[in-house]
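# Residue-level structural notes
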Amino acid sequence: MKLLFSLIIALLVNLCLAKASIDKRLEKLYMKLSECSYTVTSGYRTKKHNKKVGGAPNSYHLYDRARDITSTKKCREDLGKAALQEGLTVIYYNKHIHVDDREEAKCLIKVKNGFRDCNNLMLRTRLE
Ligand SMILES: [Zn+2]
């Protein structure tokens, strides 16, 4: 009976860890980067609000799986690197970074005509 109880607890703990929300995953990173302070400027969006702010039609904000975060340039870059290492997708904008938990993580930089892939760039800085 005691063993069964332990197994059930272990199963529940695993389920919780597997389904860690984007906020839980980000909180871990905020704690690591304690010298920085971060402000989440966009989280869950309704379809109507997403349209209003010019979000992508299939934005991860619609599913509560994305956050837009501001801070100083250095702190944004540090969070971006940490988020990529955590397996999250990061999109670098001029004044904020977008982080989401899509299945296949990406690193993108917003440029004039779209997005530039920065996976190789990040891999290089990780190895340095
Ligand atoms: Zn966003």
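Anything mentioned here points back to the structure above.
Our subject in this report is the structure included herewith. (Residues numbered from 1 in each chain as written. Predicted model: local features only at pLDDT ≥ 70, side-chain atom pairs only at ≥ 80, totals over all residues.)

## Focus on the environment of Ser21
Under the convention used in this document: Only runs of H or I of at least four residues qualify as helices and only runs of E of at least two qualify as strands under DSSP, and these elements are numbered from the N terminus. We call a residue exposed when 12 or fewer other C-beta atoms sit within 10 Å of its C-beta, buried when the count reaches 20 or more, and partly exposed for counts in between; the C-beta positions come from the backbone.
On the secondary structure map, Ser21 appears in the loop between helix H1 (2–18) and helix H2 (22–32). Given 11 C-beta atoms within 10 Å, Ser21 falls into the exposed group. Each C-alpha atom of the pair Ser21 and Asp101 lies 8.6 Å from the other, and the pair is 80 residues apart in sequence.

## Quick look at the sheet that holds strand S1 (residues 39–42)
Let me state the cut-off plainly: The pairing criterion is simple: DSSP has to find at least two bridges between the two strands. To obtain each axis, a line is fitted to C-alpha atoms, and for helices this fit is confined to the stretch in contact; angles are then taken between N-to-C directions over 0 to 180 degrees.
Ordered by their spatial adjacency, 6 strands build an open sheet running S1-S2-S4-S3-S5-S6, and the pairing between neighbours is mixed. Either end of the sheet is taken by a strand with one partner, and the two such strands are S1 and strand S6 (114–117). With direction set aside, neighbouring strand axes in the sheet form an average angle of 30°. In the sheet, strand S5 (residues 107–111) pairs with S6 via 4 bridges, with the strands oriented antiparallel. Directly across from Ile109, in S6, lies its bridge partner Arg116.

## Things to note about the pairing of strand S2 (residues 66–70)
Of all 5 residues that make up S2, 4 are buried, and the element is covered over most of its length. In this sheet, S2 lies alongside S1 in antiparallel orientation, the contact comprising 3 bridges. Within S2, the residue paired with Val40 across the bridge is Ile69. Judged from the 4 bridges that link them, S2 and strand S4 (residues 97–100) form a sheet pairing that is antiparallel. When the sheet's bridge partners are listed, Arg67 is paired in S4 with Val99.

## Comments concerning the nonpolar core
Note the threshold: Connectivity within a nonpolar core runs through C-beta atoms within 7 Å, and the core itself is a set of buried Ala, Val, Leu, Ile, Met, Phe, Trp, Tyr and Cys residues.
With 13 residues, the main nonpolar core has Leu79, Ala83, Leu84, Leu88, Val90, Ile97 and Val99 as its most contacted residues. Only H2, S2, helix H4 (73–85) and S4 provide two or more residues apiece to this core.

## Quick look at H4
Threshold: Multiply 1.5 Å by the residue count of a helix minus one, and that product is the helix's expected span. The directions considered for the arc run from the helix axis to the C-beta atoms.
Here H4 contains 13 residues, and its C-alpha end-to-end distance of 19 Å stays within 8% of the 18 Å for a straight helix at 1.5 Å per residue. Three or more residues of H4 are buried, namely Arg76, Leu79, Gly80, Ala83 and Leu84. The buried residues of H4 all sit within an arc of 135° when viewed along its axis, so they share a single face. Of the exposed residues in H4, the ones pointing more than 90 degrees away from its buried face are Lys74 and Gln85. Trailing H4 by a residue or two, Gly87 shows a phi angle of about 90°, which is positive.

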